[in-house]
Amino acid sequence: MKKHTTAPRHITMIGAGHVGLVTAACFAALGHNVICLDTDDERIKGLHRGEMPFYEPGMSELVLKGCASGHLTFTTSYEEAACEAEFVFIAVATPTTPVGLPDLRNVRAAGAAIVQALGSRRAIIISKSTGPVGISQALESLHETVSLPLVGNPEFLREGTAIKDFMEPDRVVLGSDDTEASRAVGSLYEPLGKPILYTDMKSAEMVKYACNAFLATKISFINEIAEICERVGADVRDVAKGMGLDFRIGRHFLNAGVGFGGSCLPKDVRALAYLAAVYGSHPQLLNAVLEINAEQRRRLVGRVRDALGGLRNKKVAILGLAFKPDTDDIRDAPALDLINLLEYEEAEIVACDPVAVDAARKVFPRLNCETDAYRAAEQADAVIIATEWDEFRNIDLPKLRSVMHTPLIADGRNILEPAVVRANGFVYLGVGLPDEDKLRTSVAI
Ligand code: UDX
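Quick summary incoming for the structure in this document. The numbering scheme is per chain: residues are counted from 1 as the chain's sequence reads. A pLDDT threshold of at least 70 governs which residues receive local features in this predicted model, and a stricter bar of 80 or more applies before side-chain atom pairs are shown or counted, although totals over entire chains, interfaces and linings include all residues. In computing side-chain values, all of the structure's heavy atoms are included and hydrogens and water are not.

### Observations regarding the pattern of salt bridges
Salt bridge, as used here: a side-chain nitrogen of Lys or Arg that lies within 4 Å of a carboxyl oxygen of Asp or Glu. Scanning the model with the defined rule gives 26 salt bridges in all. Between Lys208 and Glu155 there is a salt bridge, and its shortest N-O distance comes to 2.8 Å. Of this pair, Lys208 sits in helix 9 (residues 201–232) while Glu155 sits in the loop between strand 6 (150–152) and helix 7 (162–167), and the two are 53 residues apart along the sequence. Three labels apply to residues, based on accessible area from a 1.4 Å probe with only protein chains included: buried if under 20% of the type maximum, exposed if over 50%, partly exposed otherwise in between. Lys208 sits in the buried class, given a relative accessible area of 4%. Overall, Glu155 belongs to the buried group, its relative accessible area being 5%. One salt bridge connects Glu230 with Arg303, and the closest N-O pair in it is separated by 3.4 Å. Of this pair, Glu230 sits in helix 9 while Arg303 sits in helix 12 (residues 284–308), and the two are 73 residues apart along the sequence. Given a relative accessible area of 14%, Arg303 falls into the buried group. Through salt bridges with shared partners, one network takes in Asp41, Glu42 and Lys45. Going along the chain from the N terminus, every DSSP run of H or I of four or more residues is numbered as a helix, and every run of E of two or more is numbered as a strand.

### Quick look at the site of the ligand
Around the ligand, a shell composed of 20 residues is seen, among which Glu159, Asn255, Cys264, Phe323 and Lys324 lie nearest. In protein, a polar contact requires one atom able to donate a hydrogen and another able to accept it; more generally it is a pair of N or O atoms within 3.5 Å, and residues adjacent in sequence count only if both atoms are side-chain atoms. Note that an oxygen atom of the ligand is positioned 3.3 Å from one of the backbone N or O atoms of Leu254. Contact distances for the ligand include 2.9 Å between an oxygen atom and a side-chain N or O atom of Lys324. In terms of residue count, helix 9 provides more of the shell around the ligand than any other element does, four residues in total. A breakdown of the residues in the shell around the ligand according to their chemical character gives 10 nonpolar, four polar and six charged. Whether a residue is near a molecule or strand depends on its heavy atoms: it is near if one of them lies within 4 Å of it. As a working rule, the residues Ala, Val, Leu, Ile, Met, Phe, Trp, Tyr, Cys and Pro are called nonpolar, Asp, Glu, Lys and Arg charged, and the rest polar, with Gly in that last group.

### What to know about helix 3 (residues 59–69)
Residues Met59, Leu62, Val63 and Gly66 constitute the buried set of helix 3. All buried residues of helix 3 fall inside an arc of 95° around its axis, so they share one side. For helix 3, the exposed residues set more than 90 degrees away from the buried face come down to Glu61, Lys65 and Ala68. We call two residues contacting when some pair of their heavy atoms lies within 4.5 Å. Where the residues of helix 3 are buried, they touch helix 1 (18–29), strand 3 (72–75) and helix 7. At the exit of helix 3 stands Gly70, carrying a positive phi of roughly 85°. Arc, as used here, means the arc of the directions from the helix axis to the C-beta atoms.

### A closer look at the sheet that holds strand 9 (residues 315–319)
Strand pairing is defined by DSSP finding a minimum of two bridges between the two strands. Strand order in the open sheet made by the six strands is 11-10-9-12-13-14, with parallel pairing throughout. Every interior strand has two partners, whereas the edge strands, strand 11 (368–370) and strand 14 (427–429), have only one. Sheet twist, expressed as the mean angle between neighbouring strand axes with direction ignored, is 20°. Here strand 10 (residues 348–352) pairs with strand 11 via three bridges, running parallel. Each bridged residue has a counterpart across the sheet, and for Cys352 the counterpart in strand 11 is Glu370. Along the sheet, helix 12 makes contact with strand 12 (382–385), strand 13 (408–411) and strand 14, crossing strand 13 at roughly 165°. Helix axes use the C-alpha atoms of the stretch in contact, all axes being lines fitted to C-alpha atoms, and the angles between their N-to-C directions lie in the range 0 to 180 degrees. Packing against the sheet, helix 13 (residues 334–344) makes contact with strand 9, strand 10 and strand 12, and its axis sits at approximately 175° to strand 9.

### With respect to the pairing of strand 10
Counting buried positions along strand 10 gives four out of five residues, so the element sits mostly inside the fold. In the sheet, strand 9 pairs with strand 10 via five bridges, with the strands oriented parallel. Within strand 10, the residue paired with Leu319 across the bridge is Cys352. Think of it like this: strands point away, you trace from the first strand over the helix to the second, and a clockwise trace means the crossover is right-handed. Considered for its hand, the β-α-β crossover made up of strand 9, helix 13 and strand 10 is right-handed. Regarding the hand of the β-α-β motif, the stretch spanning strand 10, helix 14 (residues 357–363) and strand 11 is right-handed.

Below, the structure written as structure tokens:
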């Protein structure tokens, strides 16, 4: 971690969600004085007790260190948050509205409240919340009324590696019409020694959307290739490897599977597609990316149905609820779609996740959950792997086989070695892999 080399500044972070809390704790670690506000009283009380509102590796240690050094404090009071503010970051949630665009009410409310609390105090307002050429509009009225400088600073933090992503970013993007304000915000990031792109607000917002849309496109692309691989008998893992060795393409985000989830990729692609349509454009590629992603879930359930000769009253264990490992976040997780699809077909579902069970119970209060994979798989007719947790990657196959009713594994993340699984007496369904079980599936079950 690089040492902060410029004078400590007073930073206010509005929002103690994933982005807000990580950014606040990291700026505090760089030596700045950060006050982090959230209107959720329980969340702030929890943080005062050292309890994190979500799971992120390294987060707890960083927050506790920041609090102990006095560089990081928490509040629910806008007055307190405003009294020394030089930089105000707005990092509040922008959930998707039913039509597909982000709901900017939180952003507007946070902006209005901080401006009122600032009174005559000058501070730079920085938007970290995501919205396609919309966040700026949401805050523009404030900018016009009180003429505070406004800077867009999209975040590129991945859950699970958010601290590293902050401290070692590929780039920092800053968008504003106010060059001086942009440069001042840039000075906060300079100690990180990474490229800083200065642009206008709308372009900064589009960088974020274009990046997430591109990552999602890579995933849907490889998933489409995977389906072709299955049909022709090729192995998508080698195809991805071969593609990735071309440095123009790169190996990242070419893992075929049950598709992308999370709080960003699905929401951002939907929002961008919707926004494009609103502006009269026809976003064919973005729509296809979403359609392929939804199809990945349906296809996997369909293959299990075909293998079992129906799903009604069949017991299916879903291994993995989080949208990816090292997080308890289940927003838009593939597992949620799998549960809905299986419930519709009247399968009996048991779900299992090392950390995301509580989150899942909030969405599906009656969902049967286990934290132990073998208990979940007891008497199951099929196991579907939906998240690539290490404990599933290293699962004891003979033990799993001994507890299951029917030895069928649908590996939605391609984390198991097909030959090894089959050698242990399972029927194995991977994504984009030669389907050697196809002929003997109906015989084996
Ligand atoms: C993403 C972006 O990567 C980050 O830059 C942005 O700021 C926030 O959104 P995150 O949502 O944490 O980060 O998850 P990410 O690691 O990008 O994974 C998204 C989803 O894609 C996961 O469900 C993951 O399992 C899936 N995925 C990823 C694949 O299915 N295949 C891959 O090859 C890579």
